[in-house]
Amino acid sequence: MRIWDREVKKATKELRKPKLSRALIKCYGTSYALAGIFTFTLEAIKVVQPLLLGKIILYFENYDPDDQTSLHEVYGYAAAMSLCTFGLTILQHLYYYHVQRTGMKIRVAMCHMIYRKALGLNSESLVHTTTGQIVNLLSNDVNRFDEITLNLHYLWVGPLQAMVIILLLWYEIGPSCLAGVAVMALMLPVQTWFGKLFGVFRSKTAVLTDNRIRIMNEVVSGIRIIKMYAWEKPFSALVTEIRRKEIDQILKSSYLRGLNMASFFASSKIIVFATFTVYVLLGNAITVSRVFVTVSLYGTIKLTVTLFFPLAVEKLSETVVSVRRIKAFLLLEEIERKKIGFCRKEKIENSVEIEELTCYWNKSLDSPSLQNICITLKSHQLLTVIGPVGAGKSSLLSAILGELPHDAGVLKVKGRLTYASQQPWVFPGTIRSNVLFGRELDPKKYETVLRACALKRDLELLPDGDLTLIGDRGATLSGGQKARVNLARAVYQDADVYLLDDPLSAVDAEVGKHLFEKCICGLLKNKSRILVTHQLQYLKAADQIVVLKEGHIMARGTYNELQFSGVDIDALQKINEEQKRCALLSDPDNASLLSQRTNHSRCSDSSLLPPESPSADQLPVEAVHTMAEETRAEGNISGDIYLKYFSAGCSPLVLMVIVLLSVIAEVAYILQDWWLVYWARQEFLNCTAEPIGIDTSVNATHPVQELNLKFYLGIYSGLTAAAVVFGYTRSLVIFRGLVMSAQVLHNNMFSAVLQTPVHFFDVNPIGRILNRFSKDISQIDSTLPITFVDVYQLFFQNVGVVAVAACVIPFILIPVIPLLVVFLYLRRFYLCTSRDVKRLESTTRSPVFSHLSSSLQGLWTIRAFGAEERLMRAFDAHQDLHSEAWFLFLMTSRWFALHLDAICALLITFSTFGCILLRDGLKAGEVGLVLTYVVTLVGNFQWTVRQSAEVENMMTSVERVVEYTELESEAPWETEKRPPPDWPSKGLVTFDRVSFSYSRGGPLVLKDISATFQPKEKVGVVGRTGAGKSSLVSVLFRLAEPQGKIYIDGVLTSEIGLHDLRQKMSIIPQDPVLFTGSMRKNLDPFDQHSDEELWKALEEVQMKPVVEELPGKLETVLAESGGNFSVGQRQLVCLARAVLRKNRILVIDEATANVDPRTDELIQKTIRDKFSECTVLTIAHRLNTIVDSDRILVLDNGTIQELDSPFTLLQNKEGALYRMVQQTGPAEAAALLKLARQAIKKS
């Protein structure tokens, strides 16, 4: 961390770009370089082994039973051979231990830096990066550091070892060795080129993966909307298309990997073939000891040069890409941190002073977000900021927070700031931890804050009180509860200036009043407060009012001063009709991508105030869903999973072909070795037989030798060719099959997730679902196939090796069988532990991502509270937990490998000494075959068992994906019974004894509701928070299946397909959700409307001027979650969607909570004009929006309390609606009554 900061400073001084790699080398270079000594010793031992082997075989070739000296010598060689093997075993694992630990340290340090950087990004940088990208950096890019440390040293050891071995070969077989070396030299550039291509494909894949995860993030966040709009298909098409492109890149790199692995197996055959062909053609006789020493030496160099070296190049090129991506992220601009310091004792006159302030969110859009703002806020004052949507209210707060860069002017803040954001931010944890946010718990103060924020009653209803766990993005709380927790967090901090961004919108009138009186003007009365609000009834209490419009101050003063100066407050919010341009884009009201994430609130709301009247005891009790632990499968991975994995991409026929190819390739592979030995033996026999026949005819042997050479060479070439061709074909076919499986599994999982009921998304946090789509899928895409192919090829090879050895010397089976038993026992023992450790590692990784994504959503809040350090510590704690599991995983696999290698070393010792003890009657060729094969078997056997365990571990990813492909699905999108094409023509909605709960066996949220809404009727739905208003919408759209019947125009909704139902109703949702993509796609994903219709719809919702100012108009691509619009503007876009759909039934779910009264009125007007022929259900907190409806439905605790025309209901002094109206204050109540009276007259 310090080294990188130093590097950045130094680079700035020297006017160059900082190098992340330089910082890494400085930090970890020395300890990593020391591990190079291990590598060097390891490879030196590997060179010595074949020479010892040669000496042992030589003894058998010149076997003389009476020669005691050479017997003692050969015992010495055998002992040296055993020692070498044991040395190798120990050194190798020490080396791996060191480099893997270094890799882990680098990865953890990088994650820490990435997270620290993410917390400091300024608004400019947030435009250039997305959550998806940062998650990808943490989940995929940093993993390269774990991989690269393993092989990096071979970049220098490889060439060095190659030179030594070439010298030895020259000494052994003369210039013929150059033929083999030439083949190897040809393979090197090809493999290096492969490595470069890997880098290219890797960076292309990374971009596509970023995209796919970003879309997944939006789909999961906006799943409610997607379901209600019946937009699953266009999203499905979008993801499938990106996935197809991604698979294309992955296929290319998999084919390369296939060629790479096949050439690893084939190269040794080609090299040996080239060497001996030249050797024989130069007229030399083959001897057994030469054959085996040469084959062994080539075997050693083959591993290093054709496996470790290219792997190092490939990993290096991939790591370079990752380092570049990480560096680019680390160099993004950060926010300037100001230290606000002053002595607590001195009396501060003014808390906030702003003079001539001008700010831009984006310099390229010419108009500033704030212009010439002058404000002075004295301590203890309440300053209220009002203004239409997009006027720059939130921008003003962000300028004070220091989030919005100052272009000109002076801004002084004295004292500590605290902030409550417009879109409430809660992080996964308990409610208490959300409110305390790192402060000490002071029980008395805590109680006071909860009371003031009307949270007391809610907490009594929750199963664990304030220790109830909140899910990701507060999934278990209602919108109103989240807003109050968000406010409580700000109030609990002991600050001097409180910035409150519209905290009263998400709650109903009664709670709003309580919050304003008890909290904002009660608990905080001695503090400086800046309140942004749309609720005009509270203006009288303000010490100062600022009216903003288009970034300017329109008016300023107290309520009376404003009225006196002739400014009509209501008119302020309603500025003249000519000025239709209610919102300028220049102020993306809250342009930060991250602070404005849409938060998905639970539809139902739970409740409210401390009981003031006896009737308050009947407040609704609502179930809060706690987070379920992430599931982890137990025990072995069932064969069923393997079957699903293979059959997903290959038909049974293809699987048969693969097995057949493999057997043929293996047979050709072994016969080639055997043929060489056979040939050498024949030569040997010929040499011994020739002296007898010399006098008969000197010339007779030549044609025979010619014939023999052609015959032997011909068969030898044929076998080599077969081994190579079949080897390559097998590899490519398997890779293709496995990548196809990955594609099928991904698509199945995606469609299953799209079709699962909404409840699933309420109980599973986003991080958990995304983890399957990012980490698990990337394993199935790239790591699993390569490991599987490795195991598969090695398995066949090992079977072949044992078979050959057993044919030659049956006694070899004696140690092999117990060895196999011990191996398998160890594998089982290891797998039990390692698989669960690996699963543990996967589940400890999820919190790291969840923590990251929730921090990014609450970036402004975190900075305003100065909580960066604490969140860094929390992140490090999550990381440490993950590192513990990871380190445990590394150590279990080291333990396993060490045990296996030790057993193998014993086997080599047995075989070597066994051959010498049973020396009578053994031919040199047999000894050579047995010993070389046993030596290869050792490395291979151990590696096969290790890799097979790895495959088993990686299959947990397949298991996790398969688990999601089998999620329970909601009712079908289309059924046999299709409604008539013009349905619903009238819009008559009937509820017949409908009851509903969110989960099976959960408490009922709606109880026995029966009501009929006439065609073209406008019905307002009111009720205190948590009465079941939003649940009514869920039932109508069948987001969960209710009990009872709902008819629309006489058609029973539960009998028709979900798409048929949902496409025929329009909804304007509580949370406006926009998706990344063009404006056009956001309005009309199916391309069913012409440009004119789209523009007309935008004009009707006052958004035409805004969209016209965008650089690409309708084709402009929106920022993530529509971050370039303010919340109110996003709400208008949702309204435009409804206008376009022209359906007979429209549901409006608190759609105007985030807009000012003036825009609200516009929306209501548009609804009355545009939807006069429709049945409209409006759920509202503001009574003035629905008091002129035809009828009003009052819900309480899930049952219907009243349903009649507003005027009639208001005559009843005992009624629920009357009480609600009275709570708004006498002036407002009179206005509402008047509106209701007018509505009656009109009708």
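Residues numbered from 1 in each chain as written. Predicted model: local features only at pLDDT ≥ 70, side-chain atom pairs only at ≥ 80, totals over all residues. Heavy atoms only, no water.

Peer 1: Can you explain the overall build of the protein chain? Please cite residues and give values.
Peer 2: Of regular secondary structure, the protein chain possesses 38 helices and 21 strands. A total of 1243 residues make up the protein chain; the buried ones form 61% of that total. Here the analysis covers contacts within the protein chain between residues at least 6 apart in sequence; of these, 84% occur between residues at least 24 apart. Put simply, the protein chain shows about 48500 Å² of open surface, and 61% of that area lies on carbon and sulfur atoms. (Helix = DSSP H or I, 4+ residues; strand = E, 2+ residues; numbered from the N terminus. Buried < 20%, exposed > 50% of the residue type's maximum accessible area, 1.4 Å probe, protein only. Contact = heavy atoms within 4.5 Å. Areas by Shrake-Rupley, 256 points an atom, 1.4 Å probe, with all protein chains shown as cover.)

Peer 1: So what about unusual backbone geometry? Which residues, and what values?
Peer 2: Phi angles above zero are rare outside glycine, and aspartate 1008 is one such case at about 50 degrees. Mapped onto the elements, aspartate 1008 comes out in strand E13 (residues 1006-1013). Unusually for a residue other than glycine, arginine 1038 sits at a positive phi of about 55 degrees. Its location among the elements puts arginine 1038 in the loop between helix H29 (1029-1036) and strand E15 (1043-1048).

Peer 1: I'd like a description of a nonpolar patch on the surface, backed by residues and values.
Peer 2: A cluster of nonpolar side chains, Val659, Val663, Val667, Leu671 and Trp674, forms an exposed patch at the surface whose accessible area comes to about 400 Å². On the secondary structure map, leucine 671 appears in helix H21 (residues 652-689). For leucine 671, a relative accessible area of 35% puts it in the partly exposed group. (Patch = residues over 30% accessible without salt bridge, like charges linked within 9 Å, V, L, I, M, F, W, Y side chains within 5 Å. Salt bridge = Lys/Arg side-chain N within 4 Å of Asp/Glu carboxyl O.)

Peer 1: Describe the pattern of salt bridges, with residues and values.
Peer 2: Where charged atoms from two side chains of opposite charge come close, those side chains can pair. What the rule picks out here adds up to 39 salt bridges. Of the charged contacts, one joins arginine 845 and glutamate 841 as a salt bridge, the two residues approaching to 2.7 Å between their closest N and O atoms. Separated by four residues within a single helix, arginine 845 and glutamate 841 lie in helix H25 (residues 813-857), roughly one turn from each other. With respect to class, arginine 845 is no different from glutamate 841; both count as buried. Taken together, the shared-partner salt bridges connect Arg144, Glu147, Arg257, Lys315 and Glu318 into one network.

Peer 1: Just give me the short version of the packing of helix H8 (residues 177-221) against helix H10 (residues 232-281), but keep the residues and values in it.
Peer 2: Packing of H8 against H10 leaves a shortest axis separation of 9 Å and a crossing angle of 165 degrees. The orientation of H8 with respect to H10, classified from their angle, is roughly antiparallel. Every pair of crossing elements has a handedness; the one defined by H8 and H10 is left-handed. Residue composition of the contact of H8 with H10, grouped by class: 23 nonpolar, eleven polar and seven charged. (Axes fitted to C-alpha atoms, helices over the stretch in contact; angles between N-to-C directions. Parallel < 35°, antiparallel > 145°, perpendicular 65-115°, else oblique. Left-handed = near helix turned anticlockwise from the far one by under 90°. Nonpolar A, V, L, I, M, F, W, Y, C, P; charged D, E, K, R; others polar.)

Peer 1: Report on the environment of serine 997, specifying residues and quantitative values.
Peer 2: Within the secondary structure, serine 997 sits in the loop between strand E12 (989-996) and E13. Among the residues examined, serine 997 registers a relative accessible area of 17% and is labelled buried. Separated by 34 residues in the primary sequence, serine 997 and serine 1031 place their C-alpha atoms 8.6 Å from one another.

Peer 1: Before we move on, could you go through the environment of proline 368 and cite the residues and values that matter?
Peer 2: Along the polypeptide, proline 368 turns up in the loop between strand E1 (350-359) and strand E2 (370-378). A relative accessible area of 11% places proline 368 in the buried class. It is 9.7 Å that separates the C-alpha atoms of proline 368 and glycine 392, two residues lying 24 residues apart in sequence.

Peer 1: Could you give an account of the sheet that holds strand E21 (residues 1199-1204), with specific residues and numbers?
Peer 2: The mixed open sheet is built from six strands, whose spatial order is E17-E18-E19-E14-E20-E21. The sheet terminates laterally at strand E17 (1065-1068) and E21, the two strands that pair on one side only. Direction aside, the axes of adjacent strands within the sheet are offset by 15 degrees on average. Its contacts with the sheet put helix H34 (residues 1127-1141) on E17 and strand E18 (1145-1149), and the angle it makes with E17 is roughly 170 degrees. (Pairing = 2+ DSSP bridges.)

Peer 1: Quick one: what's the story with the packing of helix H5 (residues 131-141) against H8, residue by residue and with numbers?
Peer 2: In a packed pair of helices, the relevant descriptors are the angle between the two axes and the axis-to-axis distance. Between H5 and H8, the least distance of the axes is 9 Å, while the angle of their chain directions is 125 degrees. With respect to each other, H5 and H8 are oriented oblique. The two elements H5 and H8 meet at a crossing, and its hand is right-handed. Along its contact with H5, which presents Thr131, Gly132, Gln133, Asn136, Asn140 and Asp141, the element H8 presents Arg202, Ala206, Thr209, Asp210 and Asn217.

Peer 1: Before we move on, can you summarise the sheet that holds E1 with the specific residues and values?
Peer 2: Reading across the sheet, the three strands line up as E2-E1-E4 and stay open at both edges, with antiparallel pairing between neighbours. Both edges of this open sheet fall to E2 and strand E4 (406-413), since each of them pairs with a single strand only. Recorded for the sheet is a direction-independent mean angle of 5 degrees between the axes of neighbouring strands. Where E1 and E4 come together, six bridges link them in antiparallel fashion. Within E4, the residue paired with cysteine 359 across the bridge is histidine 406.

Peer 1: Give me the side chain of arginine 214: which residues, what numbers.
Peer 2: When you line up the elements, arginine 214 lands in helix H8. One buried charged residue, arginine 214, remains without a salt bridge, the closest side chain of opposite sign being glutamate 218 at 4.6 Å. Looking at arginine 214, its side chain comes within polar contact range of the side chain of asparagine 211, at 2.9 Å. (Lys, Arg positive; Asp, Glu negative; His and termini not counted. Polar contact = N/O pair within 3.5 Å; in protein donor to acceptor, adjacent residues only side chain to side chain.)

Peer 1: Just give me the short version of helix H7 (residues 154-173), but keep the residues and values in it.
Peer 2: With 20 residues, H7 should cover 28 Å at 1.5 Å per step; its first-to-last C-alpha distance of 27 Å lies within 8% of that length. For H7, the set of buried residues is Tyr154, Val157, Gly158, Gln161, Ala162, Ile165, Leu168, Leu169, Glu172 and Ile173. When H7 is viewed along its axis, its buried side chains cluster within an angular range of 135 degrees and face the same direction. Counted as exposed and oriented over 90 degrees from the buried face of H7: Met163, Leu167 and Tyr171. (Expected span 1.5 Å × (residues − 1). Arc of directions from axis to C-beta.)

Peer 1: Describe the packing of aromatic side chains, naming the residues involved and giving the relevant values.
Peer 2: Under the defined criterion, the tally for this structure stands at 34 aromatic pairs. Ring centres of phenylalanine 516 and tyrosine 538 lie 4.4 Å apart, and the angle between their planes is 15 degrees; on these two criteria the pair is classed as stacked. Remark: tyrosine 538 occurs in the loop between strand E9 (528-532) and strand E10 (544-549) and phenylalanine 516 occurs in helix H17 (residues 509-523); sequence separation between them is 22 residues. With centroids separated by 5.8 Å and ring planes inclined at 75 degrees, the aromatic side chains of phenylalanine 795 and phenylalanine 796 adopt a geometry described as edge-to-face. Looking at phenylalanine 795, the relative accessible area reads 49%, which means it is partly exposed. Its relative accessible area of 15% is what places phenylalanine 796 among the buried residues. (Phe/Tyr/Trp six-rings, centres within 6.5 Å; stacked < 30°, edge-to-face > 60°.)

Peer 1: Report on a positive patch on the surface, specifying residues and quantitative values.
Peer 2: On the surface, Arg2, Arg6, Lys9, Lys10, Lys13, Lys19, Arg22 and Lys26 cluster together to form a positively charged patch. Counting residues per element, the positive patch draws most heavily on helix H1 (residues 2-13), at five residues. Tracing the sequence through the fold places arginine 2 in helix H1. With a relative accessible area of 66%, arginine 2 lands in the exposed category. (Charge placed at Lys NZ, Arg CZ, Asp CG, Glu CD.)

Peer 1: Can you tell me about helix H35 (residues 1157-1170), naming the residues and giving the values?
Peer 2: Taking 1.5 Å of rise per residue, 14 residues should cover 20 Å, and H35 covers 19 Å from first to last C-alpha, within 8% of that figure. Of the residues making up H35, those classed as buried are Arg1158, Thr1159, Asp1160, Leu1162, Ile1163, Gln1164, Thr1166 and Ile1167.

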